[in-house]
Amino acid sequence: MYDLEYFLLILTRVSCFIFVAPFFSLNNTPRHVRVALSLFTAALLYQTLSPAPAVEYHTIAGYSAVVLKEAVTGLMLGLGTSMCSAIVNFAGHIADMETGLSMVTLMDPATRESTSITGVYYQYVVMLLLIVSGMYRYLFGALADTFVLVPVNGAIFRMDSLLTSMVKFLADYIIIGFRICLPIFCVILMLNAILGVLAKVSPQMNMFAVGIQLKILVGLSVLFLTASMLPDAANFIFQRMKESIVAIVGGMM
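Residues numbered from 1 in each chain as written. Predicted model: local features only at pLDDT ≥ 70, side-chain atom pairs only at ≥ 80, totals over all residues. Heavy atoms only, no water.

### Examining the overall build of the chain
Consideration 1: Looking only at helices and strands, the chain features 10 helices and 2 strands.
Consideration 2: Counting helices and strands in the order they occur from the N terminus, the chain gives α-α-α-α-β-β-α-α-α-α-α-α.
Consideration 3: For the chain, the spread of C-alpha atoms along the principal axes amounts to about 85 × 40 × 30 Å.
Consideration 4: A burial count over the chain gives 41% of its 253 residues as buried. (Helix = DSSP H or I, 4+ residues; strand = E, 2+ residues; numbered from the N terminus. Buried < 20%, exposed > 50% of the residue type's maximum accessible area, 1.4 Å probe, protein only.)

Quick look at the structure:
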């Protein structure tokens, strides 16, 4: 019975991580697959960690507190990775605001949220690169290492360290998002300056009607030409994802 309870504690952390982590948390990923993956991963970790170390609890309330602690640990680890993938949605919103496509939103079947066109494009490219580059193996490896660094019922939430890492990530969140959409931002800024000069030179031209078409055409052209830069941006995001996981684990040791 004690081994079963210890296995359920491992399953709690693993399942909470998988249901929040990028790619696995998408709604188009079948829930049966996520449940089976959680059970299989927990079974492998249980065999690795056996014999089970002692976890102190005496009542049902004490065991429930341990379950909640493991759930929070898994959710925080998954949140540190999923927030990094949200950077591309932020960059897509900025790019659509510059090109005039901010009002053209669609329902993303993966997240069931109203997102911009460029944000969906960036998100699926980053998810594809996450699979191709093998980043998902790092996520599972990091999850397995947390059971060594932060054993079951051994998490100590240092709020100062966690808050510092969260503030640092939010600062990097804005910087990385602007770096991704910087080519579109600069080109549209130059186009606005040119349209402003033309509006002064020839007031009889309707620059509003001409500008909307030019912004969309130039924005899509820059988006197409800068597609080769997305792997480097994805590597930069993945590096920040690793640093975020390390910072979160350090705040719970």
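The rest of the description comes next.
### Comments concerning the packing of aromatic side chains
Consideration 1: Applying the stated criterion to the full structure yields 4 aromatic pairs.
Consideration 2: Summarising the aromatic geometry, the rings of Tyr6 and Tyr46 are spaced 6.4 Å apart at their centres and angled 50° between planes, so their arrangement reads as tilted. On the criterion of sequence distance, the pair formed by Tyr6 in helix H1 (residues 2–18) and Tyr46 in helix H2 (residues 31–49) is long-range, its members being 40 residues apart.
Consideration 3: Where Tyr121 meets Tyr122, the ring centres are 5.7 Å apart and the plane angle is 40°; that geometry is what we call tilted. (Phe/Tyr/Trp six-rings, centres within 6.5 Å; stacked < 30°, edge-to-face > 60°.)

### Remarks on the nonpolar core
Consideration 1: Grouped together as the largest cluster of nonpolar side chains are 59 residues, with contacts concentrated most on Ile10, Tyr122 and Ile180.
Consideration 2: By residue number, the principal contributor to this core is helix H10 (residues 230–250), which donates 9 residues.
Consideration 3: In contact with Tyr122, other than residues within four places in its own chain, are Val88, Ala91, Gly92, Ile180, Ile184, Leu223 and Leu230. (Core = buried A, V, L, I, M, F, W, Y, C linked by side-chain atoms within 4.5 Å. Contact = heavy atoms within 4.5 Å.)

### What about a nonpolar patch on the surface?
Consideration 1: A cluster of nonpolar side chains, Met1, Leu4 and Leu8, forms an exposed patch at the surface whose accessible area comes to about 330 Å².
Consideration 2: Secondary-structure assignment places Met1 in the segment before H1.
Consideration 3: Classification of Met1 as exposed rests on a relative accessible area of 71%. (Patch = residues over 30% accessible without salt bridge, like charges linked within 9 Å, V, L, I, M, F, W, Y side chains within 5 Å. Areas by Shrake-Rupley, 256 points an atom, 1.4 Å probe, with all protein chains shown as cover. Salt bridge = Lys/Arg side-chain N within 4 Å of Asp/Glu carboxyl O.)

### Observations concerning the side chain of Thr81
Consideration 1: Its location among the elements puts Thr81 in helix H3 (residues 60–85).
Consideration 2: At a separation of 2.7 Å, a polar atom in the side chain of Thr81 contacts the main-chain carbonyl oxygen of Gly78.
Consideration 3: Excluding residues within four positions of it along the chain, Thr81 makes contact with Ala21, Pro22, Leu139, Met241 and Ile245. (Polar contact = N/O pair within 3.5 Å; in protein donor to acceptor, adjacent residues only side chain to side chain.)

### Concerning helix H6 (residues 135–149)
Consideration 1: In a regular helix each residue adds 1.5 Å, so 15 residues correspond to 21 Å; H6 covers 21 Å between its end C-alpha atoms and thus fits that length.
Consideration 2: Every buried residue of H6 is listed here: Met135, Leu139, Phe140, Ala142, Leu143, Thr146 and Phe147. Down the axis of H6, the sector holding all buried residues measures 155°, keeping them to one side. Seen from the buried face of H6, the exposed residues on the opposite side, beyond 90 degrees, are Arg137 and Val148. (Expected span 1.5 Å × (residues − 1). Arc of directions from axis to C-beta.)

### Describing the packing of H1 against H2
Consideration 1: Packing of H1 against H2 leaves a shortest axis separation of 8 Å and a crossing angle of 130°. On the basis of their axis angle, the class for H1 and H2 is oblique. In the crossing of H1 with H2, the sense of the turn from one axis to the other is right-handed. Packed against H1, whose contacting residues are Asp3, Tyr6, Phe7, Ile10, Leu11, Val14, Ser15 and Ile18, the element H2 presents Arg34, Leu37, Ser38, Leu39, Thr41, Ala42, Ala43, Leu45, Tyr46 and Leu49 at the interface.
Consideration 2: Its residues placed into classes, the contact of H1 with H2 shows 13 nonpolar, 3 polar and 2 charged. (Axes fitted to C-alpha atoms, helices over the stretch in contact; angles between N-to-C directions. Parallel < 35°, antiparallel > 145°, perpendicular 65-115°, else oblique. Left-handed = near helix turned anticlockwise from the far one by under 90°. Nonpolar A, V, L, I, M, F, W, Y, C, P; charged D, E, K, R; others polar.)

### Topic: the environment of Leu182
Consideration 1: Within the fold, Leu182 resides in helix H8 (residues 182–201).
Consideration 2: A residue is classified by how much of its surface remains accessible, and Leu182, at 42% relative accessible area, is partly exposed.
Consideration 3: Spatially, the C-alpha atoms of Leu182 and Ala95 are 8.4 Å apart, while their sequence positions differ by 87 residues.

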